[in-house]
Structure formats: C-alpha cells, structure tokens
Amino acid sequence: MLNHPWQVKLIKILTYLATILLVLLVFWMVSFIIIQGISYLNMTLLKESSSLIITTLMVVFLALLIALPLGIFSAIYLQVYTNNGKLVKMMRFSIDSLNGVPSIIFGLFALSFFIYYLGLNRSIFSASLIMSIVVLPLIIKNTEEAIKTIDIAQIQGSLALGASRFTTINRVIIPYCIDGIINGVILAIGKIVGETAAIMFVIGSASSIPKSFFEPGSTLATKLYLIIQEPTYSSNGIGSAYGIALILLLIVVLLNLLVKLVNHIFMKRRG
Amino acid sequence: MKKYLNKQLFFETLYKLSIIFASLLLLLIIIFIFFEGVPALKEYGVFKMLFNMSWQPTAHEPSFGLSKMILATIISTLLSLLIAIPIGLLSSVCLVRLVSRKIKNIIMFIVEILAGIPSVIVGFFVLKTIVAFLYQHFYMNIGVSGNSMLAAVFVLALMALPTIITITVKALEAVNPMYTEASLGLGANKIQTIYKVELKAAKSGIMAAIVLGAGRVIGETMAVMLVSGNAINISSNLLLPTRTLTANIATEMSYASGLHQSALYASGIVLFIMIMLINITLLIILNKGGGDNA
C-alpha cells in the first residue's frame with residue numbers, strides 16, 4: 001500500500017473529501033433548521049415558549065446549584081489529596097463510567113429512585129436532581145483538567161511559604177482553574193438544555209409558567225419531542241417544532257462561542 | 001488559629017464526602033435498575049428474555065423476548081460505525097496534518113457544534129430530510145413511511161462522528177514528533193508517514209475513540225426513536241422499520257405497569273451491561289496503550 005504515486009494521491013483526495021463531507025453535513029443540518037425555523041420565530045412562538053424557556057432555566061439553575069459544589073470539591077480531592085491508590089482508581093472508574101451511562105438509563109433510575117422510592121412528585125425539582133447527576137462527571141473532569149495545568153512550582157511555592165494545603169487550595173488552585181470550572185459549567189448548561197431521555201419520565205408536562213420548583217413542567221427539548229411526535233400538541237403544529245429547534249440551536253451555538261471567548265480571555269491572562 | 005483549623009477540617013471533610021458521594025452514584029443507579037428489573041428476569045427467565053424473539057408485553061400470555069431489539073441495537077451500532085469510522089479518521093488526519101491551524105480551528109468548532117446539538121434536533125432533521133426522501137423515492141408505492149433502520153444508522157453515524165473526531169485528533173497530536181521526523185528522514189512522503197507511522201503510533205487513542213463512539217451510539221435514544229419507525233422488526237432489508245433497546249424503553253415506559261415495567265427495566269440492565277463492557281474494554285485499551293505515545 002501507498003507505494004505508488006497514484007495511491008498516495010487517491011488517499012490524499014479521500015482525506016480531503018471526508019472532511020468536506022463532514023463540514024457539508026453539519027452545514028446542511030444547521031441551515032435546514034435555520035431556514036425552516038426563521039419564519040416561525042415570532043411573537044406567537046415566544047408567547048408559546050416562554051413557559052418552556054423559564055422551565056428550562058429553572059432546571060439549569062437548580063441542577064448546577066447541586067452539581068457545581070459537589071463536582072468542584074470532588075475534583076479538588078482527586079487532584080490534591082490523593083495518591084494513585086487502588087481506591088482512587090476505583091473512584092475514577094466509577095465517575096468515568098457515570099459519564100458513559102446512556103441518558104435513558106438515568107431516566108429509568110430517576111423514575112425508580114425519585115418517584116417510586118423517595119415518593120417525590122413528577123416535577124422540575126425531580127428533573128433537576130437527575131440532571132445534576134448527569135452533568136456531575138462533566139464538571140469534575142473539566143475542573144480536574146484545569147488543576148492539572150497548574151505549574152507544580154506555584155503549589156510548592158505556596159506550601160514552602162508556610163501556607164497550609166487548605167490555604168493553597170483557596171488562594172492558588174481555585175483562582176487558577178476558574179476557567180476550567182467555567183468551561184465545565186457552559187458544557188453542562190448545553191447538556192441540560194438539550195436533554196430529553198433522562199428527564200422525560202420525571203418532569204411531567206405543563207403548558208403554563210411554573211410557579212415553583214415542585215410543579216411539573218416542560219423544557220424546550222421535551223416539548224420539542226412531543227410536538228414532533230404529535231403536532232397537535234401545539235396550536236401552530238409542526239411550525240412550533242421548527243421554531244423551538246431553532247431556539248435550541250441558537251443556544252448551543254452561543255454556548256460554544258462562549259467557551260471560545262472564556263478560553264481566549266484566560267489564555268491572555270495566563271500569558 | 002483554632003477557628004482556622006476547624007474551618008480547614010470542615011472543608012477537608014466536605015471534599016472527602018463529595019468524592020465518596022460522587023463515586024457511589026454509579027452503584028446507586030445499578031442497585032435501582034436491578035431492583036426494578038430482577039422481578040421480570042426471575043419470573044420470565046433470563047435465557048428466555050435474551051433469546052426469545054417475541055415481545056408481547058400486553059398480551060393475555062405476555063412474552064418479553066428482547067432478542068430482536070438487542071440485535072437491532074447491535075446492527076445499527078455496527079453499521080453506523082462503518083460510516084462514521086472512515087469519515088472520522090480521515091477528517092481527523094486532514095485536520096491535524098493537511099490543513100492550516102486556522103482552518104483546523106474553524107472545523108473543530110463545527111465539530112463541537114455537532115457534538116452539542118441535542119439529539120432530538122438531529123432526529124428531527126433526519127426525519128424531515130432523509131426519511132422524507134426515502135418516503136418519496138422508495139415507499140410511496142407501498143404505502144409505509146420512510147422511518148427505517150437506514151435512517152437510524154444515518155442518525156447514529158452523525159452522533160458518533162464528533163466523539164470519534166475529537167479523541168482521534170488528540171491522539172494524533174500526541175504522537176511523538178521523532179517518529180514523524182524519522183519517517184520523513186528515511187524518505188517516506190507526508191501521506192505515507194501519516195498512514196504508515198503516525199496512525200499506528202496513535203493506535204490506542206484511535207481505538208479509544210471508536211469504543212467511546214460505540215458507547216454513545218448504543219445509548220442514543222431520542223433521535224433513533226424519531227426515525228427508526230419503532231416497529232419490532234429485524235430484517236436484512238435496511239429500508240424496513242426497526243426498534244432498538246433504548247427506543248423500546250422510552251416508547252413503552254409511559255404506559256407500562258407491573259411485570260411489563262419490570263421487563264423494561266430488565267432491558268435497561270441489558271443496555272447497562274453492554275455499556276459497562278465497553279467501559280471495561282476502554283480501560284484495558286488505555287492501560288495497555290498508555291506508553292505508546294510517550
């Protein structure tokens with residue numbers, strides 16, 4: 001293989017073609033959603049989806065409120081306090097595996113544990129609980145990656161100056177890895193906003209603006225799924241689905257741009 | 001000082017409790033999925049559940065055979081990887097070695113967008129384009145919709161691509177430049193060096209990429225459910241509808257009760273075991289190949 005010039009040329013062409021195909025596929029999908037959705041992006045849709053947007057924000061807020069401290073503390077423990085013993089390896093395997101668990105399994109677990117076992121209602125609260133578990137590995141991983149990039153001399157310097165491990169964490173480690181934490185949060189928001197399978201059994205469904213966390217609700221993604229399956233769920237039929245899909249797409253693009261912006265700002269600060 | 005030490009002790013305990021809690025979550029999930037699924041496995045029989053072809057959960061004499069759906073999951077995964085692996089590997093090579101840094105960053109951003117697009121939207125897109133196309137050209141005459149295994153494979157390939165590309169790109173970037181220089185120095189050209197030296201050096205990373213891609217594909221639910229037609233069917237004709245394990249759970253959970261519900265949890269157990277096998281494979285690959293790129 002690859003001994004003749006024509007073979008080399010062929011492989012080179014295939015390599016470029018694959019990349020072009022990839023870009024075209026994404027471009028096709030994004031432009032399809034934009035073109036179909038733009039005409040439905042009006043006041044009617046905003047009125048219809050205001051409760052969905054508020055519900056989605058509530059789930060994002062509560063899930064992060066739980067997952068963020070838990071994730072950051074776990075990452076600190078894994079990076080600062082442990083050696084690479086057997087127990088730590090098992091903890092890592094467990095958290096890595098949690099990251100690979102399909103969302104429908106989270107959905108099954110949520111129904112069994114929160115609804116049947118703990119007796120919670122189908123509500124925004126239950127959905128936030130399961131989403132906090134779904135995004136936890138994401139936050140741990142991102143925080144850990146950021147801690148790993150700290151120059152060991154900075155930590156040693158802090159310790160040598162007489163600072164305790166605790167002070168070193170507070171004054172050196174956390175301020176330094178704030179960008180990794182922010183990245184984790186942004187990715188987590190993206191995951192929560194788009195998630196359907198993990199919460200569909202526990203969030204219930206509603207079309208009015210929720211008054212508390214303990215009411216059932218519909219997020220943008222769960223409602224989108226319902227409308228695609230059964231267009232009569234919305235007064236505008238399948239048109240609302242295109243509109244909501246466009247809103248979700250815009251959120252995803254914005255969040256990804258935000259990651260770039262954060263990295264850019266902190267890259268400068270780190271020099 | 002005492003107050004300070006108390007605070008320190010408090011936080012250290014907090015860190016420790018957090019990590020213990022986080023690592024016990026997986027166990028908690030396993031316990032509850034098994035707790036709900038075991039009754040059906042016991043009553044209907046593990047062997048029968050895995051190998052019986054018939055799934056009729058609401059019949060008078062219900063049967064809970066999962067084999068058609070297990071096959072659908074395995075076949076759709078393999079076929080979608082057959083599409084996603086060549087496209088993913090070739091474009092990763094292109095990104096790392098053949099294009100400028102600027103173009104690479106732009107395309108990587110596009111890949112990140114693809115990774116971030118919710119699966120419902122990917123399913124919706126394929127439903128309105130590919131499935132509609134199939135309907136117009138192949139199905140109109142026989143009067144069924146275009147929802148099919150083929151559409152599911154297409155959706156799954158789209159979902160696997162970002163995972164495969166991001167990890168392969170990282171693996172290729174980590175290849176020791178000495179290998180590359182040695183190969184070029186021996187007179188191999190750029191393409192020969194990439195495909196004969198660098199891809200081999202990055203082998204373990206690429207394997208990890210494929211395995212993780214497979215994990216993502218096996219667990220995919222919403223997108224598949226929208227386009228697969230959701231009829232329990234397995235056939236060599238890819239234009240016919242099918243139903244995967246995940247879609248089965250998501251479709252029937254809303255109205256299932258009793259043994260039927262337990263059987264759905266049992267299919268969750270099967271899915272979970274498949275994913276854990278993948279995770280363990282991954283662990284083995286990474287442990288074995290750890291020194292490759294050093």
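Predicted, not measured: the structure shown is a model, and the values here were computed from it.

Participant: Looking at this model, I keep getting lost on the overall build of chain A. Mind explaining?
Facilitator: Tallying secondary structure elements over chain A gives 10 helices and zero strands in all. Each helix and strand of chain A, placed in order from N terminus to C terminus, yields the pattern α-α-α-α-α-α-α-α-α-α. Taking the principal axes of the C-alpha coordinates as reference, chain A spans close to 65 × 65 × 35 Å. Out of the 271 residues belonging to chain A, those deemed buried represent 54%. In the structure as shown, chain A presents an accessible area of about 12,500 Å², 68% of it carried by carbon and sulfur atoms.

Participant: Is there a simple way to explain the overall build of chain B in this structure?
Facilitator: Per the secondary structure count, chain B includes 12 helices and two strands. The helix and strand sequence of chain B, counted from the amino end, reads α-α-β-β-α-α-α-α-α-α-α-α-α-α. Dimensions along the principal axes, computed over C-alpha positions, put chain B at roughly 75 × 75 × 35 Å. Counting the 294 residues in chain B, one finds 54% classified as buried. Across chain B, contacts joining residues at least 24 apart in sequence account for 73% of those joining residues at least 6 apart. Accessible area of chain B: about 13,200 Å², with a carbon and sulfur share of 68%. Taken together, the 20 basic and 11 acidic charged side chains of chain B have centroids lying 7 Å from each other.

Participant: Before we go on, may I ask you to explain the side chain of Ser 67 of chain B in this structure?
Facilitator: Residues and elements named next belong to chain B. Its location among the elements puts Ser 67 in helix α3 (residues 67-98). Side-chain polar atoms of Ser 67 contact the backbone oxygen of Asn 52, separated by 3.0 Å. With residues up to four places along the chain from it excluded, the contact list for Ser 67 reads Met 49, Leu 50, Phe 51, Asn 52 and Met 53.

Participant: For this particular structure, what's the right way to read the packing of helix α1 (residues 5-38) of chain A against helix α4 (residues 101-116) of chain B?
Facilitator: Describing two packed helices takes the angle between their axes plus the distance from one axis to the other. Look at α1 of chain A against α4 of chain B: their axes get within 10 Å of each other, and the N-to-C directions meet at 50 degrees. Taken together, the axes of α1 of chain A and α4 of chain B are oblique relative to one another. Taken as a pair, α1 of chain A and α4 of chain B cross one another with a handedness that is left-handed. Residues Thr 19, Leu 22, Val 23, Val 26 and Met 29 of chain A of α1 of chain A lie in contact with α4 of chain B, whose contacting residues are Ile 107, Ile 110, Val 111 and Leu 114 of chain B. Within the contact of α1 of chain A with α4 of chain B, the residues separate by chemical class into eight nonpolar, one polar and no charged.

Participant: I'm lost on the interface of chain B and chain A in this one. Help?
Facilitator: It is common to give the size of an interface as the accessible area that goes away when the parts come together. Between chain B and chain A, the contact holds 76 residues from the first and 75 residues from the second. With both chains or domains summed, chain B and chain A bury close to 7,100 Å², and 82% of this area falls on carbon and sulfur atoms. With a shortest N-O distance of 3.1 Å, Lys 260 of chain A and Glu 112 of chain B are connected by a salt bridge. At the junction of chain B with chain A, the criterion picks out 10 residue pairs in polar contact (both at pLDDT 80 or more). Counting residues per element, the side of chain B that touches chain A draws most heavily on helix α1 (residues 2-44) of chain B, at 21 residues. Classifying every residue of the side of chain B that touches chain A by side-chain character gives 55 nonpolar, 14 polar and seven charged.

Participant: Would you mind showing me how to read the packing of aromatic side chains here?
Facilitator: The relative placement of two aromatic rings is captured by the distance of their centres and the angle of their planes. According to the stated counting rule, one finds 23 aromatic pairs over all chains in the structure shown. Seen in terms of ring centroids, Phe 109 of chain A and Phe 32 of chain B are 6.1 Å apart; in terms of plane orientation they differ by 80 degrees. Their pairing is edge-to-face. Residue Phe 109 of chain A is found in helix α4 (residues 103-117), and its partner Phe 32 of chain B is found in helix α1; the two belong to separate chains. Residues Tyr 117 of chain A and Phe 32 of chain B carry aromatic rings whose centres are separated by 5.1 Å and whose planes lie at 70 degrees to one another, so their mutual orientation is edge-to-face. Taken together, the residues Tyr 117 of chain A in helix α4 and Phe 32 of chain B in helix α1 connect one chain to another. Note on Tyr 117 of chain A: relative accessible area 55%, which makes it exposed. According to the relative accessible area criterion, Phe 32 of chain B is buried, its value standing at 8%. Pairwise contacts between aromatic rings join Phe 73, Tyr 77, Tyr 81 and Phe 166 of chain A together with Phe 10, Phe 11 and Tyr 15 of chain B into one cluster. The ring of Tyr 44 of chain B has Lys 48 of chain B lying over it, and the distance from NZ or CZ to the ring centre is 4.5 Å.

Participant: Would you explain the packing of α4 of chain A against helix α5 (residues 124-148) of chain A in this entry?
Facilitator: All names here are of chain A. Relative to each other, α4 and α5 sit at 130 degrees, their axes nearing to 10 Å. Between α4 and α5, the interaxial angle falls into the category oblique. As for the relative orientation of α4 and α5, their crossing is right-handed in sense. For the pair formed by α4 and α5, the contact residues are Phe 106, Phe 109, Ala 110, Phe 114 and Ile 115 on the first element and Ser 126, Leu 129, Ile 130, Ile 133 and Val 134 on the second. When the residues that make up the contact of α4 with α5 are grouped by side-chain class, the tally is nine nonpolar, one polar and no charged.

Participant: I would appreciate a short explanation of unusual backbone geometry in the present structure.
Facilitator: Among all residues except glycine, the phi angle is most often negative; among peptide bonds, the trans geometry is most common. One non-glycine residue, Asn 230 of chain B, lies in the positive phi region at around 60 degrees. With respect to the element layout, Asn 230 of chain B can be found in the loop between α10 (222-227) and α11 (245-252).

Participant: Just to check I follow, could you spell out the environment of Val 253 of chain A for this structure?
Facilitator: The residue Val 253 of chain A is located in helix α10 (residues 238-270) in this model. C-alpha separation for the pair Val 253 of chain A and Lys 47 of chain A, spaced 206 residues apart in sequence, amounts to 23 Å.

Participant: Would you mind going over the nonpolar core with me for this structure?
Facilitator: Across soluble globular proteins, nonpolar side chains show a tendency to be buried alongside one another. Ranked by internal contacts, the top residues of the largest apolar core, which has 185 residues, are Phe 106, Ile 130 and Leu 224 of chain A together with Met 49, Val 126, Tyr 195 and Val 227 of chain B. Ranked by the residues each element gives to this core, the list is headed by helix α2 (residues 43-81) of chain A, at 17 residues. If we ignore the near neighbours within four places in the chain, the residues touching Met 49 of chain B are Ala 40, Leu 41, Tyr 44, Phe 64, Gly 65, Leu 66, Ser 67, Ala 263 and Ala 266 of chain B. One finds Ile 186, Val 259, Val 262 and Phe 266 of chain A within the second-largest nonpolar core, a separate group that totals five residues.

Participant: Teacher, can you tell me more about helix α8 (residues 190-201) of chain B here?
Facilitator: Within an α-helix, residues lying three or four positions from one another point in the same direction, as the helix has 3.6 residues per turn. Turning to α8 of chain B, its buried residues are Ile 191, Gln 192, Thr 193, Ile 194, Tyr 195, Glu 198, Leu 199 and Ala 201 of chain B. Each element contacted by the buried residues of α8 of chain B is listed here: α1 of chain A together with α3, α6 (149-173), α7 (177-185) and α9 (203-219) of chain B. One side-chain oxygen at the N-terminal end of α8 of chain B lies 3.2 Å from the backbone nitrogen of Ile 191 of chain B; it belongs to Asn 189 of chain B.

Participant: Just checking my understanding: could you explain the pattern of salt bridges for this structure?
Facilitator: Think of it this way: side chains of opposite charge can pair up when their charged atoms draw near. Residue and element names in this part refer to chain A. Applying the stated criterion to the full structure yields seven salt bridges over all chains. The salt bridge involving Asp 96 is made with Lys 141; its shortest N-O contact spans 2.6 Å. Highlighted residues: Asp 96 in helix α3 (residues 86-100) and Lys 141 in helix α5, separated in sequence by 45 residues. The partly exposed category is assigned to Asp 96, whose relative accessible area is 37%.

Cut-offs applied
Residues numbered from 1 in each chain as written. Chains lettered and ligands numbered in written order. Predicted model: local features only at pLDDT ≥ 70, side-chain atom pairs only at ≥ 80, totals over all residues. Heavy atoms only, no water. Helix = DSSP H or I, 4+ residues; strand = E, 2+ residues; numbered from the N terminus. Buried < 20%, exposed > 50% of the residue type's maximum accessible area, 1.4 Å probe, protein only. Areas by Shrake-Rupley, 256 points an atom, 1.4 Å probe, with all protein chains shown as cover. Contact = heavy atoms within 4.5 Å. Lys, Arg positive; Asp, Glu negative; His and termini not counted. Charge placed at Lys NZ, Arg CZ, Asp CG, Glu CD. Polar contact = N/O pair within 3.5 Å; in protein donor to acceptor, adjacent residues only side chain to side chain. Axes fitted to C-alpha atoms, helices over the stretch in contact; angles between N-to-C directions. Parallel < 35°, antiparallel > 145°, perpendicular 65-115°, else oblique. Left-handed = near helix turned anticlockwise from the far one by under 90°. Nonpolar A, V, L, I, M, F, W, Y, C, P; charged D, E, K, R; others polar. Buried area = accessible area lost by both parts, 1.4 Å probe. Salt bridge = Lys/Arg side-chain N within 4 Å of Asp/Glu carboxyl O. Phe/Tyr/Trp six-rings, centres within 6.5 Å; stacked < 30°, edge-to-face > 60°. Lys NZ or Arg CZ within 6 Å of the ring centre and 35° of its normal. Core = buried A, V, L, I, M, F, W, Y, C linked by side-chain atoms within 4.5 Å.

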